[in-house]
Amino acid sequence: MAKPFYISTAIPYVNAAPHIGHSLEYIQTDAIARYQRLLGKDVMFMTGTDENSLKNVQAAEKAGKEVGLFVSEHAQNFICFKELLDISYDTFIRTTEERHFKGAQKLWSMCKPEDIYKATYKGLYCVGCEAFYTEDDLVEGKCPEHNSKPEEIEEENYFFKLSNYQQDLIDLINSDKVKITPDFRKAEVLKFLETGLLDFSISRSHQRAHGWGVPVPGDEEQIMYVWFDALSNYITGLDFASNGSDFQKYWVQANDREVLHVLGKGITRFHAIYWLGMLLSAGVPLPSAEFIHGYITVNGQKMSKSLGNVLSPQDVVDKFGCDPVRFYLLGAVSSYHDGDFSEDRFVELYNAHLANGIGNLFSRTVAMLVKYLDGVVPEPTEDIFNLEEFWKKYQNSMEVYDFPEAVKAITELVSTCDSFISTEQPWTKAKAGEPVDGVLYPVLEALRQIAIALLPITPKSAYNLLSQLGQNTDKIGVLAEECTWGKLAAGLKLTKGESLFPRYVAE
Ligand SMILES: [Zn+2]
């Protein structure tokens, strides 16, 4: 039986339209999900939308719409990522769904009674983050995320006794039982944990929540703090409420668990501390890993409405196509640190690696095959490219979510193939009546394996390449089979097909 692998994106607020930063996380998560499927695992890829936030109420009021209708319309902006960005999620949870309400309330009720208490809270609250901050968290008295002054708020709330779990959390993260990648984020979390944990508010008054959100079980006057309810999406979407089979199979898992959250650096604390504390209290198994990515700037600047540089995924895909956008976000943006999107660099990389790289290598090789061998794939010759080494590099990078390194392994292999052709000069050999099999076969077989490696990165183009190489794309096996040298069968007849990556010329 295939080994289960659970993976999630964070769930975005639906109050605003998606920007290129959302695409980064979806595409990274999708690449991991596809890679794990390629390894033969039974993947559950979950995403969704966070709809219980006060920000949605505010945005709906501003738009003059009923909140339920507003969030439904806006959830579509993310649901459509499936087609727009070729995101292969298996399930989508909207936190306004009944299964979510029931699951979030169940999780609350399962927390140890001594971990939840009611008290008056006075604190600095950022409406943008929907989070309380301490003076130490602020930068010059302002929210570091929003650069705005938080409000001072006093009310009755339920609190979660996070301090009960301080040592457990330190041990779990230190020992990599919950493995945080990259290492410097792990170090940040540990440093924060060692300074001591304050209890945090897990509800707000019905009034401050405008009655919108998940009611606290047994207390209708309180609505769950949006983070408490939102974080529980990772299990409510698996039908935690009724202890469903998906929850058992993908979250609980029998042994050697693989449960991975992908999230942005701004919400590290919620995932690496609060969420784990909540699960520990409720006696629910923890995620086994968290991958924390950076943010994306546009032409070196932080995206903001006031600067007018918010880049929409729809616009970028309309202009360049889905796979080139995926290739850029995975190959040219750091997985761990902040990265940048610039159109000049995009075009440069597209032309260098896709049009002149993979695309050109494929079209020239097939052209020579047609010219010298009537398009018929010759008998396999030996692997002169040492693809075992290539796969090692590629897999080691994919295992630690270092997509730029994985892409680099691919583009380096393409360059090696190009140099090999230049050195071997099959055209000279053909003229002299010498065989060209030993040049064309290895390059074609390397291209087949490059296409396999591209499946998680640029899925549609990878399938296109495999299909043009005469492969049955419905019958692609697991990586362990597909990386076997010589799978490209002799006798296949290839023809010059459509260009994989037409060269981009600026308008
Ligand atoms: Zn804020």
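The coordinates are above.
Cut-offs and rules
- Residues numbered from 1 in each chain as written.
- Predicted model: local features only at pLDDT ≥ 70, side-chain atom pairs only at ≥ 80, totals over all residues.
- Heavy atoms only, no water.
- Axes fitted to C-alpha atoms, helices over the stretch in contact; angles between N-to-C directions.
- Helix = DSSP H or I, 4+ residues; strand = E, 2+ residues; numbered from the N terminus.
- Parallel < 35°, antiparallel > 145°, perpendicular 65-115°, else oblique.
- Left-handed = near helix turned anticlockwise from the far one by under 90°.
- Contact = heavy atoms within 4.5 Å.
- Nonpolar A, V, L, I, M, F, W, Y, C, P; charged D, E, K, R; others polar.
- 1 Å grid on protein atoms, 1.4 Å probe; cavity = no way out; pocket = protein on both sides within 12 Å on 5 of 7 lines; lining within 4 Å.
- Points joined across faces, edges and corners; volume = space filled by probe spheres on them.
- Core = buried A, V, L, I, M, F, W, Y, C linked by side-chain atoms within 4.5 Å.
- Buried < 20%, exposed > 50% of the residue type's maximum accessible area, 1.4 Å probe, protein only.
- Expected span 1.5 Å × (residues − 1).
- Salt bridge = Lys/Arg side-chain N within 4 Å of Asp/Glu carboxyl O.

A.B. asks: I'm lost on the packing of helix H6 (residues 166-174) against helix H7 (residues 183-194) in this one. Help?
C.D. replies: Relative placement of two packed helices is described by the angle separating their axes and the distance separating the axes. Running from N to C, H6 and H7 cross one another at 160 degrees; their axes reach a closest spacing of 10 Å. One finds that H6 runs roughly antiparallel with respect to H7. When the axes of H6 and H7 are compared, the crossing they make is left-handed. Of the residues in H7, those touching H6 at Gln-166, Leu-169, Ile-170, Ile-173 and Asn-174 are Lys-186, Val-189, Leu-190, Leu-193 and Glu-194. Of the residues in the contact of H6 with H7, the class split is six nonpolar, two polar and two charged.

A.B. asks: What am I meant to see in the packing of helix H13 (residues 322-331) against helix H16 (residues 403-424) here?
C.D. replies: The N-to-C vectors of H13 and H16 enclose an angle of 115 degrees; their axes lie 7 Å apart at closest approach. Overall, the two elements H13 and H16 adopt an arrangement that is roughly perpendicular. Mapping the contact onto sequence places Phe-327, Leu-330 and Gly-331 in H13 and Phe-403, Pro-404, Val-407 and Thr-411 in H16. Residues that form the contact of H13 with H16 fall into these classes: five nonpolar, two polar and no charged.

A.B. asks: How should the layout of surface pockets be read in this particular structure?
C.D. replies: The method is simple in principle: a probe with the dimensions of a water molecule rolls over the atoms, and the space it marks as empty is what remains. Size it by volume and the second largest pocket reaches roughly 240 Å³. Lining of the second largest pocket is provided by 14 residues; of these, Phe-5, Glu-258, Ala-289, Glu-399 and Tyr-401 occupy positions nearest its centre. Breaking the lining of the second largest pocket down by element, the ones donating at least two residues are strand E7 (179-181) and strand E12 (259-264).

A.B. asks: Whenever I open this one, the nonpolar core confuses me. Can you help?
C.D. replies: Across soluble globular proteins, you tend to see nonpolar side chains buried next to one another. Core analysis: the biggest nonpolar cluster contains 105 residues, and Ile-7, Ile-32, Leu-260, Leu-329, Phe-390 and Tyr-394 have the highest contact counts within it. Those residues in contact with Ile-32 that sit more than four places away from it in its chain are Phe-5, Ile-7, Leu-260, Val-262, Phe-291, Tyr-401 and Phe-403.

A.B. asks: Can you walk me through the side chain of Asn-233 in this structure?
C.D. replies: Within the fold, Asn-233 resides in helix H9 (residues 233-236). By relative accessible area, which is 1% here, Asn-233 ends up buried. Contacts of Asn-233, omitting those with residues within four sequence positions, involve Ile-11, Met-46, Ile-93, Thr-95 and His-100.

A.B. asks: Honestly, H16 in this entry has me stumped. Any pointers?
C.D. replies: For an α-helix, the turn length of 3.6 residues means that residues three or four places apart are oriented alike. Here H16 is 22 residues long and its end C-alpha atoms lie 32 Å apart, about the 32 Å a rise of 1.5 Å per residue gives. Of the residues one or two after H16, Gln-425 is the one with positive phi, at around 45 degrees.

A.B. asks: Looking at this structure, how should I read unusual backbone geometry?
C.D. replies: Omega for the bond connecting Thr-181 with Pro-182 falls within 30 degrees of zero, at 0 degrees, which places this linkage in the cis form. Positive phi is not limited to glycine here, since Asp-176 has a value of about 65 degrees. Structurally, Asp-176 is set in the loop between H6 and E7.

A.B. asks: Which parts of the structure should I look at to understand the pattern of salt bridges?
C.D. replies: Pairing is possible between side chains of opposite charge, provided their charged atoms come close. Considering all chains together, one arrives at 28 salt bridges under this definition. The partner of Lys-102 in a salt bridge is Glu-98, with the nearest N and O atoms 3.1 Å apart. Of the two residues, Lys-102 and Glu-98 are both situated in helix H5 (residues 98-110); the distance of four residues between them amounts to about one turn of the helix. Given the relative accessible area of 47%, Lys-102 is considered partly exposed. Ionic contacts of the salt-bridge type, sharing partners, join the residues Asp-30, Arg-34, Asp-86, Arg-326 and Lys-460 into one network.

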